Amino acid sequence: MDLSTPPPDLYGRPRADAFIRRLTAFGDRYSPALGAPLLRRNPRRPLSRPTPPLQLVIAARRQLAPDVVELAFADPSGGPLPPWQPGAHLRLALPSGRERHYSLSGDPADRHRYRIAVRRLPEGGGGSVEVHDTLHPGARLTARRPRNGFAFCAEPAVLLLAGGIGITPLLPMAREAQRHGLDWRLVHVGRSADTLPYTDELRALDPHRVVLRTDDEHGGVPTGPELLAHAPRGAAVYCCGPAPMLAAVQRSLDGSPATALHFERFGAAPVTDGEPFAVRLGADGPTLDVPADRSALDVLREARPDLPYSCHQGFCGTCEVRLLAGRPDHRDRRLTPEQRAAGALLPCVSRAAEGETLVLDIWKESPSMPPTAPTVKAAPAFPYTERDLARFRETQQLAYHCAEQVAAWIEPGVTERQATAELRRRLVAAGVQDFFHVPFAWFGDRTAFRHFHTPLQFFAGNRRLEEGMPYVLDCAPIVDGYTADIGYGGKIGENRVWDRLAADLKVYRELILAEVRARRPLDEVYAAVDAQIAAHGYDNRHQVYPGRVIGHQVTRTTVRGPAGVNVFGFGVRTLQTLARELISERLHGRSPLWADGRSSRHVPTPGLWAVEPHIGFRGVGIKFEELLVVTEDDAYWLDDDLPHVRRWTAATAATTEPTAERTTLEATR
Ligand code: FES
């Protein structure tokens, strides 16, 4: 697939849809004039508090190795904990105020325990020592919801490479691989057998797939080729361990049986292409030299050991400081262009050109330091309460429930128009008051938008369903202003292409979540999805939607206007809300439409996003569409109790046939 050439728009021309292009251009051009008075009259969403941190209590502690302890956390009220996937980590606030990230090593199926394992590092930054010395059962801590920057894609063949405590994210992956019946191997590397945690749990999964490789028995550390020799042919490699191990594996990937590498580092990545520069503490404070091979944070902490940090890799934001002067080379993966323009800098990774001096808003001494000016936060706060989210979830459940009812009702001979009429009838009977857009139904090769040349072709027609045909039902009901936008894929009878596409769609749900959680800009997430589609050998069909969108922001509809009236398929209230959001978001350099162009070069605005990856192969197309919750520092799917997720869950027991060679993303955190 040639990703550099844009696919044709609705009219077959190699460019984005003209209507949305003009609407966006209108917003760009006139929003400064129109937006301010509009915003004054309608103050932007009365913002509620950000997502509250998780309250956790230590339920158990055990010694896994002489210098490794495991802590199990629970909800103090005994309730279920937020869900997570293999590779996820927990950001813990330690009693001292330090924040540290620890990979979750338990089982995602256990919703009542989070487990982490921590190796004591006396020479480290103090976090591990604090965990070992002060955290005991009964202690209470706060944490952020689990995030995943190291997603497990469950490829048919995988090699898991763990260096010491790097086993923690890989243990849940091994469990998942075993559950899926994948062809997996795990190599656990360490100094000696007694230093390796979780050996019993690994062997209990399948002793024939686990290799414990210790330096004392093999006369030193393993080489990259030695580690990769364990890879099944075509395997994806997941590696977590110290920097030299990662570097050895990266260097040796070519020429090995493996085809892809996902990795997660311990601590800081080595500085690459670094030049010496200087940092100054305050406008008239001391100037410190930063050598080419050290980070500014390391140097700053020599003068100010209390400066906070956590990931050392430019994604958590803990070390953020304000830049007063100088030209930085931002190398983080977190800050938006607006935040950088406002002076935010992450010194754990960001640098400057040789000879440059960065003047930072850091005082020479920490005690009784006067408060610094607050950092400008360009992104708004998360706008919904738990109650709001519950109402959005109810609306989405209702929409999927009605789609499932229609799926059970339709049969060969039914037309698209009849299907949409039935879908609308059931939604209205269930309490739906308005629609974000009219319900759609596409049958046969129309599910892949084949030969679509005009927007009118999106509307339901007289195509009749036949045996073996795929279909897609799409609806966007509104109840009390709470909007859902869903896409339901199905088939009548046998269709093996559809089966394969439906199974592979799971990867896109995981990929999008992992990318958004890694704080990637929307256009980069879009590109990652494109790359995965190309790797699967499928066609990207969401590029055919107006504006080439893979998603759009969903807000609570509060405007007045005639319900049930639509223009070009969109409700009048919807168009008012869309126009308001477009103007408001463009004022802040963002867009409520998630596409692959310049206007999507920002991380998603906190709130709700309807996301609809739509893939096709020849005349078969399939998609899901559902709401993604994006908070200031995290993201999660609003609901996992949805038909496509249930289908994947039910299929986990079945072995996935490796029928296509896959190239997968590299994920780091
Ligand atoms: S320590 Fe995490 S971004 Fe710098």
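For the structure given in this document, a descriptive report is provided here. None of the values given here were measured: they were computed from a predicted structure. (Residues numbered from 1 in each chain as written. Predicted model: local features only at pLDDT ≥ 70, side-chain atom pairs only at ≥ 80, totals over all residues. Heavy atoms only, no water.)

**As for the overall build of the protein chain**
Phase 1: Summing up its helical and strand segments, the protein chain has 15 helices and 34 strands in all.
Phase 2: For the protein chain, the proportion of its 669 residues judged to be buried stands at 55%.
Phase 3: Counting only contacts in the protein chain whose residues sit at least 6 apart along the sequence, the fraction spanning at least 24 positions is 70%.
Phase 4: If you sum the accessible surface of the protein chain, you get close to 27600 Å²; carbon and sulfur atoms cover 53% of it. (Helix = DSSP H or I, 4+ residues; strand = E, 2+ residues; numbered from the N terminus. Buried < 20%, exposed > 50% of the residue type's maximum accessible area, 1.4 Å probe, protein only. Contact = heavy atoms within 4.5 Å. Areas by Shrake-Rupley, 256 points an atom, 1.4 Å probe, with all protein chains shown as cover.)

**Points about the sheet that holds strand β29 (residues 593-594)**
Phase 1: Taken in spatial order, the 5 strands line up as β29-β26-β30-β33-β34 in an open sheet, and their pairing is antiparallel. Strand pairing shows two members of the sheet lacking a second neighbour, β29 and β34 (635-637), which therefore form its edges.
Phase 2: With 3 bridges connecting them, strand β33 (residues 626-630) and β34 associate as antiparallel partners. Within β34, the residue paired with Val630 across the bridge is Ala635.
Phase 3: Helix α12 (residues 496-517) contacts β29, β30 (607-611), β33 and β34 of the sheet and is inclined by roughly 160° relative to β34. (Pairing = 2+ DSSP bridges. Axes fitted to C-alpha atoms, helices over the stretch in contact; angles between N-to-C directions.)

**Comments concerning the nonpolar core**
Phase 1: Ranked by size, the top nonpolar core spans 55 residues in total, and within it Tyr471, Leu473, Ile512, Val516, Trp594, Ile615 and Leu628 carry the most contacts.
Phase 2: For Val516, the residues in contact, after removing those within four places along its chain, are Val525, Trp594, Pro604, Leu628, Val630 and Ala635.
Phase 3: One finds Ala117, Cys153, Ala162 and Ala177 within the second-largest nonpolar core, a separate group that totals 28 residues. (Core = buried A, V, L, I, M, F, W, Y, C linked by side-chain atoms within 4.5 Å.)

**Structural notes on the packing of helix α10 (residues 386-409) against helix α11 (residues 416-429)**
Phase 1: Two elements in contact, α10 and α11, have axes whose closest approach is 9 Å; the angle formed by their N-to-C orientations is 135°. As far as their axial angle goes, α11 and α10 are oblique. α10 and α11 meet at a crossing whose hand is right-handed. Facing Leu398, Ala399, Cys402, Ala403, Gln405, Val406 and Trp409 of α10, the residues of α11 in contact are Gln418, Ala419, Glu422, Leu423, Arg426 and Leu427. (Parallel < 35°, antiparallel > 145°, perpendicular 65-115°, else oblique. Left-handed = near helix turned anticlockwise from the far one by under 90°.)

**Some thoughts on helix α15 (residues 643-651)**
Phase 1: Burial in α15 covers these residues: Pro643, His644, Val645 and Trp648.
Phase 2: Tucked inside the fold, the buried residues of α15 contact α10, β24 (486-491), α12 and β33.

**Considering unusual backbone geometry**
Phase 1: A positive phi is found at Tyr198, a non-glycine position, where the angle reads about 70°.
Phase 2: Among the structural elements, Tyr198 can be located in the loop between β8 (183-190) and α4 (199-205).
Phase 3: Phi is positive for Arg618, which is not a glycine, with a value near 50°.
Phase 4: Along the chain, the position of Arg618 falls in the loop between β31 (614-617) and β32 (620-623).
Phase 5: Judged by its relative accessible area of 58%, Arg618 is exposed.

**Overview of the environment of Pro108**
Phase 1: On the secondary structure map, Pro108 appears in the loop between β4 (99-103) and β5 (114-119).
Phase 2: Between the alpha carbons of Pro108 and Leu81 there is a distance of 10.0 Å; along the sequence they are 27 residues apart.
Phase 3: Leaving out residues up to four positions away in the same chain, Pro108 has contacts with Trp84 and Pro86.

**A word on the pairing of strand β2 (residues 68-74)**
Phase 1: β2 sits mainly inside the fold: 7 of its 7 residues count as buried.
Phase 2: Where burial is concerned, the two faces of β2 agree: the one with Val68, Glu70, Ala72 and Ala74 and the one with Val69, Leu71 and Phe73 are both buried.
Phase 3: Two strands pair when backbone bridges link them, and strand β1 (residues 54-65) and β2 are joined in this way by 7 bridges, in the antiparallel orientation. Residue pairing in the sheet places Ala65 in a bridge with Val68 of β2.
Phase 4: The antiparallel hairpin formed by β1 and β2 contains 2 residues in its connecting segment.
Phase 5: Inspection of the sheet shows β2 paired to β5 by 6 bridges, in the antiparallel sense. By the bridge assignment for β5, Ala72 is matched with Arg115.

**Some thoughts on the packing of α12 against α15**
Phase 1: Two numbers describe how α12 lies on α15: the axes approach to 10 Å, and their chain directions differ by 105°. Here α15 runs roughly perpendicular to α12, going by the angle between their axes. Where α12 abuts α15, its residues Trp498, Ala502, Ala503, Leu505, Lys506 and Arg509 lie against His644, Val645, Arg647 and Trp648.
Phase 2: Residue composition of the contact of α12 with α15, grouped by class: 6 nonpolar, 1 polar and 3 charged. (Nonpolar A, V, L, I, M, F, W, Y, C, P; charged D, E, K, R; others polar.)

**Overview of the packing of aromatic side chains**
Phase 1: One pass over the full model with this rule turns up 18 aromatic pairs.
Phase 2: Here the aromatic rings of Trp594 and Trp609 are separated by 5.9 Å at their centres, their planes lie at 90°, and the arrangement is edge-to-face. Placement of the pair is Trp594 in strand β29 and Trp609 in strand β30, with a sequence separation of 15 residues. Here Trp594 matches Trp609 in class, with each residue buried.
Phase 3: By way of ring pairs, the aromatic residues Phe440, Trp442, Phe449, Phe452, Phe458, Phe459 and Tyr545 are connected into one cluster.
Phase 4: Here the guanidinium or amino end of Arg145 rests over the ring plane of Tyr636, the centre of that ring lying 4.1 Å away. (Phe/Tyr/Trp six-rings, centres within 6.5 Å; stacked < 30°, edge-to-face > 60°. Lys NZ or Arg CZ within 6 Å of the ring centre and 35° of its normal.)

**Quick word on the sheet that holds strand β25 (residues 539-540)**
Phase 1: One open sheet accounts for 3 strands, arranged β25-β31-β32; its pairing is antiparallel. Looking along the sheet, the strands with just one partner apiece sit at the ends: β25 and β32.
Phase 2: Contacts between α12 and the sheet are confined to β31 and β32, with β32 contributing the most and set at about 30° to the helix.

Keep in mind that these numbers describe shape and distance, not what the molecule does.
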